[in-house]
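# Structure at a glance
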Amino acid sequence: MNKNDIFEMTCTSLGSNMEGICHYDGLVVFVPGMLPGETSSVRVVKTQSNYAFGILDAMPDPPSEVRIQPDCSAYPKCGGCSARHMSYETSLLYKQNQVKNCFHSIGHIDIDIPPVLSMEDPYHYRNKSSFPLGGTKEDPVLGFYAPRSHRIIPVASCTNAMVPTDEICHAFLSWMKAHRLSSYNEETLTGLLRHLIIRVNRQHESMVTVVARKANVPFLKDLSQKLIPLGVRTLVLNVNPEATNVILGSEYLPVYGEGFLHDQILGLDFELSPASFFQVNVSQTEKLYSLALQFADLTPSQTAFDVYCGTGTISLLLARQCRQVIGIEVVPQAVENAKKNASANQITNAQFYTGTAESMLPKLVSATRADVIVVDPPRKGLDASVIQTIADVSPDRVVYVSCNPATLARDAALFLTHGFHIEKVQPVDMFCWTSDVETVCCLRR
C-alpha cells in the first residue's frame, strides 16, 4: 500500500475522533467521514508500518441510513467538528460506546454505561469562540485552523457559536476592510491584528477581545460604534507582541465598558474577564455539575474537598449543601478568582488554597476529615501519586468529573486497587457534534 493508491474499503467501526475504521491488506486504515457499514473508494494519504490514513475518493453508495447532509459549509475542513455527517443520536451512541470501551479495554472494567445526557437543541451552544485572523487588507478573513496546521479556514457562520457571534464577526471584518487594517502573519511576524475572541452570556450580551501585536490600534472608537448595537457590553484590547502560538498576551486595555462580563451557573453569578476559564456550554454544564452534586450526596454536617478546583465553580455549588468546602488549585490566579467568586455570591463556608493535591491534601485533612473528594482534572487525568494520596485520606466517596474517558478508565482501575468500587457513571454531551464526552463517575470506599 502506497500513498495515492485507491482501494475499495468497508468501514467496520468508528475511531477515537469519529473517523471510520477500515481494514485492508492487514492494515487498519483510518478514513474521516466514513460510517460503519459503508463501502467506498478510499485514497491512501499516509502509511505507517501497521496502519494508514485515507480520504474518501467517492461518497459511499449506498450511504448509511444514519448519514446526514452536513449543515456547515466549512465542515469538515475547519476541524471544529467531527460528527456533522451523522445524526445527532448516532453521535451520542458512539460516545456511550466510547466510554464503555475505554472502561473495558483500558481499565479492564465491565460496567453498564447509561445513555449520554443529550442537549435538547444541540446548536449555538458555545459561549466562547476564538478566531485567528488572516487574509489581506483588501480581503481580511477569520475562521478556524485546519486540523494539524495553522492554515485558516474561513467561517462565514458557525452553527455551534451562540448568537450574536456571527454578526459580531461580520461587523469586525467590515471594520478591518474599511480601514485597511492588516492581519498578523506568523511567518514574517508582521501585521497588526492576531485574534478575535467573543464571549456571550445567557442574556446574549457579549465581551469582545481584540488581540493585536501592538497597543496602538487605530479606529477602535469606530469598532465600538459597530459593536454596541449588537449587544457587546465591553471591548478589550489585548496586546501580544510575542512570536508564539499562545493567543493572549499579558496586557489588557479596556476600550469601552467594564472589561468583564457576568454569567450564571445554577443560580451562582460569575464575573468573567478575557482570561477567565468558564465552561463553554452552560446549559449542559448545569447538568454535569448537578450530577456531581447528586453523586457527592453531601449532608449539612459534612466536609468536601474540591481538587483542581479552578475558579471555584464546583466548590461553591458544593458549599450550599455541606458544612464546608476546601478547594485546592495549583494556579494562584485561579485561587484568587475562586475567593472573589465566593465573596460575590456571599458564600462563607468555602476556603481555597494554592498548591498541588499531593502536598496540600495531607496537611489539610490532618485538621479536617474529607467526607467527599471531588476531582476535575485536565485531560491527562490524575497522577498515580494523587490517587495514592486520596486513598490515604480515605474519603467515603470520590466524585470524578472527567473530560477524557481513557484516563478516567485508567484512574478508576487504580482506585479499585485501593479499595474503592464504582457506584455509578454518567456521560454528558458537552461538546455536541464532536468526539469529546464528559463523564461523571462516583467511586465509593
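Below: a short report on this structure. (Residues numbered from 1 in each chain as written. Predicted model: local features only at pLDDT ≥ 70, side-chain atom pairs only at ≥ 80, totals over all residues. Heavy atoms only, no water.)

Turning our eyes to something else, we now look at the overall build of the protein chain. Helix and strand counts for the protein chain stand at 9 helices and 21 strands. By principal-axis analysis of the C-alpha atoms, the protein chain measures approximately 65 × 60 × 40 Å. With 445 residues in all, the protein chain has 53% of them scored as buried. Within the protein chain, counting contacts between residues at least 6 apart in sequence, those at least 24 apart form 63% of the total. Here the protein chain displays about 19,600 Å² of accessible surface, and carbon together with sulfur accounts for 52% of that area. (Helix = DSSP H or I, 4+ residues; strand = E, 2+ residues; numbered from the N terminus. Buried < 20%, exposed > 50% of the residue type's maximum accessible area, 1.4 Å probe, protein only. Contact = heavy atoms within 4.5 Å. Areas by Shrake-Rupley, 256 points an atom, 1.4 Å probe, with all protein chains shown as cover.)

Evaluation of the coordinates by the stated rule reveals 10 aromatic pairs. Measuring from centroid to centroid gives 4.5 Å for Phe 7 and Tyr 24, while their planes differ by 35°, and the two rings are tilted. Taken together, the residues span a long stretch of sequence, with Phe 7 in strand 1 (residues 6-14) and Tyr 24 in strand 2 (residues 20-24) at a distance of 17 residues. With a centroid separation of 5.3 Å and 45° between ring planes, the pair formed by Phe 172 and Trp 175 is classed as tilted. One end of the pair is Phe 172 and the other is Trp 175, both in helix 2 (residues 165-178) and 3 residues apart, which spans about a single turn. There is no split in this pair, since Phe 172 and Trp 175 are both buried. One aromatic cluster in this structure is built from Phe 30, Tyr 51 and Phe 53. The ring of Tyr 184 carries the charged tip of Arg 194 above its face, separated from the ring centre by 4.1 Å. (Phe/Tyr/Trp six-rings, centres within 6.5 Å; stacked < 30°, edge-to-face > 60°. Lys NZ or Arg CZ within 6 Å of the ring centre and 35° of its normal.)

So, about the packing of helix 2 against helix 3 (residues 220-227). Remark: helix 2 packs on helix 3, axes separated minimally by 10 Å, with the N-to-C direction vectors making an angle of 150°. One finds that helix 2 runs roughly antiparallel with respect to helix 3. Judged by the twist between their axes, the crossing of helix 2 over helix 3 is right-handed. Mapping the contact onto sequence places Ile 168, Ala 171, Phe 172, Ser 174 and Trp 175 in helix 2 and Leu 220, Asp 222, Leu 223, Lys 226 and Leu 227 in helix 3. When its residues are assigned to classes, the contact of helix 2 with helix 3 shows 7 nonpolar, 1 polar and 2 charged. (Axes fitted to C-alpha atoms, helices over the stretch in contact; angles between N-to-C directions. Parallel < 35°, antiparallel > 145°, perpendicular 65-115°, else oblique. Left-handed = near helix turned anticlockwise from the far one by under 90°. Nonpolar A, V, L, I, M, F, W, Y, C, P; charged D, E, K, R; others polar.)

Read across the sheet, 7 strands follow the order 17-16-15-18-19-21-20 without closing on themselves; strand pairing throughout is mixed. Strand pairing shows two members of the sheet lacking a second neighbour, strand 17 (350-354) and strand 20 (421-428), which therefore form its edges. Strand-to-strand twist across the sheet, computed as the mean angle between neighbouring axes with direction ignored, equals 15°. In this sheet, strand 21 (residues 438-444) lies alongside strand 20 in antiparallel orientation, the contact comprising 7 bridges. Along strand 21, the bridge assignment pairs Gln 426 with Val 440. Against the sheet, helix 9 (residues 405-417) engages strand 19 (397-402), strand 20 and strand 21, with an angle of about 165° to strand 19. (Pairing = 2+ DSSP bridges.)

By the bridge criterion, 5 bridges tie strand 6 (residues 128-135) to strand 9 (residues 193-200) in an arrangement that is antiparallel. When the sheet's bridge partners are listed, Lys 128 is paired in strand 9 with Arg 199. Examined bridge by bridge, strand 6 and strand 7 (residues 140-145) share 3 bridges and lie antiparallel to one another. Across the sheet, residue Leu 133 finds its bridge partner in strand 7, namely Leu 142. Remark: 4 residues form the turn of the hairpin made by strand 6 and strand 7, two consecutive strands paired antiparallel.

Buried residues dominate strand 21, accounting for 6 of its 7 residues. As paired strands, strand 19 and strand 21 are joined by 6 bridges and run antiparallel to one another. Directly across from Tyr 400, in strand 21, lies its bridge partner Cys 441.

By the definition in use, this model includes 15 salt bridges. Two residues, Glu 138 and Arg 180, come together in a salt bridge whose shortest N-O distance is 3.1 Å. Taken as a pair, Glu 138 in the loop between strand 6 and strand 7 and Arg 180 in the loop between helix 2 and strand 9 lie far apart in primary sequence, 42 residues in all. Given a relative accessible area of 46%, Arg 180 falls into the partly exposed group. Lys 340 is paired through a salt bridge with Glu 271; the nearest N and O atoms lie 3.0 Å apart. In this pair, Lys 340 sits in helix 6 (residues 332-344) while Glu 271 sits in strand 14 (residues 268-272), placing the two residues 69 residues apart along the sequence. Using a relative accessible area of 29% as the deciding quantity, one classes Glu 271 as partly exposed. (Salt bridge = Lys/Arg side-chain N within 4 Å of Asp/Glu carboxyl O.)

In terms of nonpolar packing, the biggest core is built from 86 residues, with Phe 172 and Leu 193 touching the most fellow members. Counting residues per element, this core draws most heavily on helix 4 (residues 282-296), at 8 residues. One finds Met 360, Ile 373, Leu 408 and Phe 415 within the second-largest nonpolar core, a separate group that totals 35 residues. (Core = buried A, V, L, I, M, F, W, Y, C linked by side-chain atoms within 4.5 Å.)

The next point concerns unusual backbone geometry. Geometrically, the link from Tyr 75 to Pro 76 is a cis peptide bond, its omega value of 0° lying close to zero. Position of Pro 76 among the secondary structure elements: in the loop between strand 5 (51-56) and helix 1 (88-105). A cis amide bond links Val 163 with the next residue in sequence, Pro 164, at an omega value of 10°. Mapped onto the elements, Pro 164 comes out in the loop between strand 8 (152-154) and helix 2. If you check the backbone angles, Leu 189 has positive phi at about 60° while not being a glycine. When you line up the elements, Leu 189 lands in the loop between helix 2 and strand 9. With a phi angle near 60°, His 204 is a residue other than glycine that sits in the positive phi range. On the basis of relative accessibility, which here comes to 40%, the residue His 204 falls in the partly exposed class.

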